[in-house]
Amino acid sequence: MMSRVQKGMIAGLAATIAVSLLEIPNLFLNWFDPFQGVIATMIGMPGNMAVGWAIHAVSGVFILGPLFGILCPRLPTDTPETKGIVFAVGAWVVMMGAITMFGDYRTFTAAAGFGTFGWLLITHAVFGIVLGNVYARLVTRERRHAADFLNGATAH
């Protein structure tokens, strides 16, 4: 049996991969400031995309995923996907607050500006949808296995 934190970590991994796949075209087409570049700039290492990717992966899998697993039953919506969106938009708000309070005022270039805010919000919403969906599937699978065990079904 997996704990909620373990399920959250698996869901966080899937959501981080999904958002990373969305970010790849942006890296080459330069629509908006890349999320990993925003993170690197925020911690004082502008242009160091490797650090941005590492922090992005660690925060998605080891911070946001487990935190979602803990908070999911308490989130105010009915479906797992909307719970994920509420959670991820909350994370976006915290991140924007951190950038505003602690980041460099040049974190967002003049060319990207508002578009980058929107892009980050959209990618966080996608993160939340995937996070909630995968987490709910893990919970459902575990409940199904527990019910089968209690009903005397044999494992293969």
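Residues numbered from 1 in each chain as written. Predicted model: local features only at pLDDT ≥ 70, side-chain atom pairs only at ≥ 80, totals over all residues. Heavy atoms only, no water.

Describing the overall build of the protein
Across its full length, the protein holds 5 helices and 0 strands. Starting at the N terminus and ending at the C terminus, the protein contains elements arranged as α-α-α-α-α. A principal-axis box enclosing the C-alpha atoms of the protein has dimensions of 65 × 30 × 25 Å. Counting the 156 residues in the protein, one finds 38% classified as buried. Look at the contacts in the protein between residues 6 or more apart in sequence, and 70% of them connect residues 24 or more apart. Looking at charge distribution, the protein has the averaged site of its 9 positive side-chain charges lying 9 Å from that of its 7 negative ones. (Helix = DSSP H or I, 4+ residues; strand = E, 2+ residues; numbered from the N terminus. Buried < 20%, exposed > 50% of the residue type's maximum accessible area, 1.4 Å probe, protein only. Contact = heavy atoms within 4.5 Å. Lys, Arg positive; Asp, Glu negative; His and termini not counted. Charge placed at Lys NZ, Arg CZ, Asp CG, Glu CD.)

Describing the nonpolar core
One finds Leu 64, Phe 68, Phe 87, Phe 127, Leu 131 and Tyr 135 to be the most contacted residues of the largest nonpolar core, which totals 14 residues. For this core, the secondary structure elements donating two or more residues are α1 (4–29), α3 (49–71), α4 (80–102) and α5 (113–150). Beyond its immediate stretch of four places on either side in the chain, Phe 127 contacts Gly 12, Ala 15, Thr 16, Val 19, Gly 60, Leu 64 and Ala 88. One finds Phe 35, Met 95, Ile 99 and Leu 120 within the second-largest nonpolar core, a separate group that totals 8 residues. (Core = buried A, V, L, I, M, F, W, Y, C linked by side-chain atoms within 4.5 Å.)

Some words on the packing of helix α2 (residues 35–42) against α3
For the pair α2 and α3, the least separation of the axes is 7 Å and the interaxial angle reads 100°. Judged by the angle between their axes, α2 and α3 are roughly perpendicular. Only Met 49, Gly 52, Trp 53, Ile 55 and His 56 of α3 make contact with α2, whose side of the interface consists of Phe 35, Gln 36, Gly 37, Ile 39 and Ala 40. Grouping the constituent residues of the contact of α2 with α3 by class yields 6 nonpolar, 4 polar and no charged. (Axes fitted to C-alpha atoms, helices over the stretch in contact; angles between N-to-C directions. Parallel < 35°, antiparallel > 145°, perpendicular 65-115°, else oblique. Nonpolar A, V, L, I, M, F, W, Y, C, P; charged D, E, K, R; others polar.)

Comments concerning the packing of aromatic side chains
The geometry of an aromatic ring pair is captured by the separation of the ring centres together with the interplanar angle, meaning the angle of the planes. Counted according to the given criterion, the structure contains 2 aromatic pairs. Where Phe 68 meets Phe 87, the ring centres are 5.4 Å apart and the plane angle is 65°; that geometry is what we call edge-to-face. On the criterion of sequence distance, the pair formed by Phe 68 in helix α3 and Phe 87 in helix α4 is long-range, its members being 19 residues apart. What makes Phe 68 buried here is its relative accessible area of 0%. Aromatic side chains Phe 68 and Tyr 135 sit 5.4 Å apart centroid to centroid with 85° between the ring planes, which places their arrangement in the edge-to-face category. (Phe/Tyr/Trp six-rings, centres within 6.5 Å; stacked < 30°, edge-to-face > 60°.)

Nothing here speaks to function; it is all geometry.
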